[in-house]
Amino acid sequence: AQAGFKQSLKEVIDIVKGRKEEFHIFTKEVFTESLPKNIFIYPHGSCEFDKLLSTCSGVISTAGHNLLGECMYLNIPVYAMPIDLYEQHLHASMLSEFCYGLNNSAFSEVKLNEFIKQNSFYKENIRHSQILLKEDGTYKLLKLIDLYLK
């Protein structure tokens, strides 16, 4: 869990244990207790991250720019819980405003159920978005600069 995240790893595990979905958690915390069959814990920076991100159906995270951008590019909805930074609150509110995922101050079973239920809706909104740039924007940017300079 990231510094500033409001809940402990144990609290997160208690919310997701016993569910039918698998949860892959990347954290700096050391967790030595036995885990339910649906939960897997990896150290922050694990090489498993890219593989799991590319195959997941949703991401539950704080609202940092890099991960949200990767998720949008891969059409992955996000349940965002911004930490106490202006930019994270802005990212999470935009995510919610454009229906690309859920914005909530904490992780809860009620909101998790809502996120899972709306996952396909969020995914379609991301896929068909007219405002997300999902390609190399260099050509478009150079064309705009060229128009501006004329």
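Coordinates for the structure precede this section.
Here the residue numbers are simple positions, counted from 1 along each chain's written sequence. Given that the model is predicted, a residue must reach a pLDDT of at least 70 before its local features are reported, and side-chain atom pairs must reach 80 or more before they are shown or counted; all residues, however, enter totals for whole chains, interfaces and linings. No hydrogens and no water enter the side-chain calculation; it runs on all heavy atoms of the structure.

Asks: For this particular structure, what's the right way to read the layout of surface pockets?
Replies: One water molecule sets the probe size; rolling that probe over the atoms shows where empty space is left. Cavities and pockets are found on a 1 Å grid laid over the protein atoms alone: a cavity is a set of points where a 1.4 Å probe fits but cannot escape, a pocket is an open set with protein on both sides within 12 Å along at least five of seven lines, and a lining residue has an atom within 4 Å of such a point. Grid points are joined across faces, edges and corners, and a volume is the space filled by probe spheres set on the points. Considering only enclosed or pocket space, the largest pocket measures out at about 1,300 Å³ in volume. Taken together, 39 residues line the largest pocket, and the ones lying closest to its centre are His 24, Phe 26, Val 59, Ile 60 and Ser 61. Counting from the N terminus, the helices are the DSSP runs of H or I reaching at least four residues and the strands are the DSSP runs of E reaching at least two. Secondary structure elements with two or more residues in the lining of the largest pocket: α1 (9-16), β1 (23-27), α2 (48-55), β3 (59-61), α3 (65-73) and α5 (109-117). With 5 residues, β1 is the single largest residue contributor to the lining of the largest pocket. Per-class residue counts for the lining of the largest pocket are 21 nonpolar, 14 polar and 4 charged. Here the second largest pocket is characterised by a volume of approximately 330 Å³. Along its surface, the second largest pocket is lined by 15 residues, and Leu 68, Gly 69, Met 72, Tyr 100 and Leu 132 are the ones closest to its centre. For the lining of the second largest pocket, the elements supplying multiple residues, two or more each, are α3 and α4 (86-97). Each residue is assigned to one of three groups, with Ala, Val, Leu, Ile, Met, Phe, Trp, Tyr, Cys and Pro labelled nonpolar, Asp, Glu, Lys and Arg labelled charged, and all others, Gly among them, labelled polar. When grouped by side-chain class, the residues that make up the lining of the second largest pocket number 10 nonpolar, 4 polar and 1 charged.

Asks: Just checking my understanding: could you explain empty space enclosed by the protein for this structure?
Replies: One pass over the structure, following the stated rule, counts 1 cavity of 30 Å³ or more. Taken as a whole, the largest cavity spans an internal volume of roughly 40 Å³. What lines the largest cavity is simply Gly 4, Phe 5, Lys 6, Gln 7, Met 81, Pro 82, Ile 83, Ser 105 and Ala 106. Considering only residue class, the lining of the largest cavity consists of 5 nonpolar, 3 polar and 1 charged.

Asks: Before we go on, may I ask you to explain the pattern of salt bridges in this structure?
Replies: Charged atoms that come close allow side chains of opposite charge to pair. For salt bridges, the criterion is a side-chain nitrogen of Lys or Arg within 4 Å of an Asp or Glu carboxyl oxygen. What the rule picks out here adds up to 7 salt bridges. For Lys 10, the salt bridge goes to Asp 14, with nearest N and O atoms at 3.2 Å. Note that Lys 10 and Asp 14 are positioned in helix α1 at a spacing of 4 residues, about one turn of the helix. The class for Lys 10 is partly exposed, based on a relative accessible area of 38%. Only protein chains enter the calculation, and the probe is 1.4 Å; a residue is then buried if its accessible area is under 20% of its type maximum, exposed if over 50%, and partly exposed in between. On the accessibility criterion, Asp 14 (35% relative accessible area) is partly exposed. Between Glu 48 and Lys 51 there is a salt bridge, with the nearest N and O atoms lying 3.1 Å from each other. You can see Glu 48 and its partner Lys 51 sitting in helix α2, 3 residues apart, about one turn around the helix. A cluster of three or more residues bridged by salt bridges with shared partners is formed by Lys 10, Asp 14 and Lys 17.

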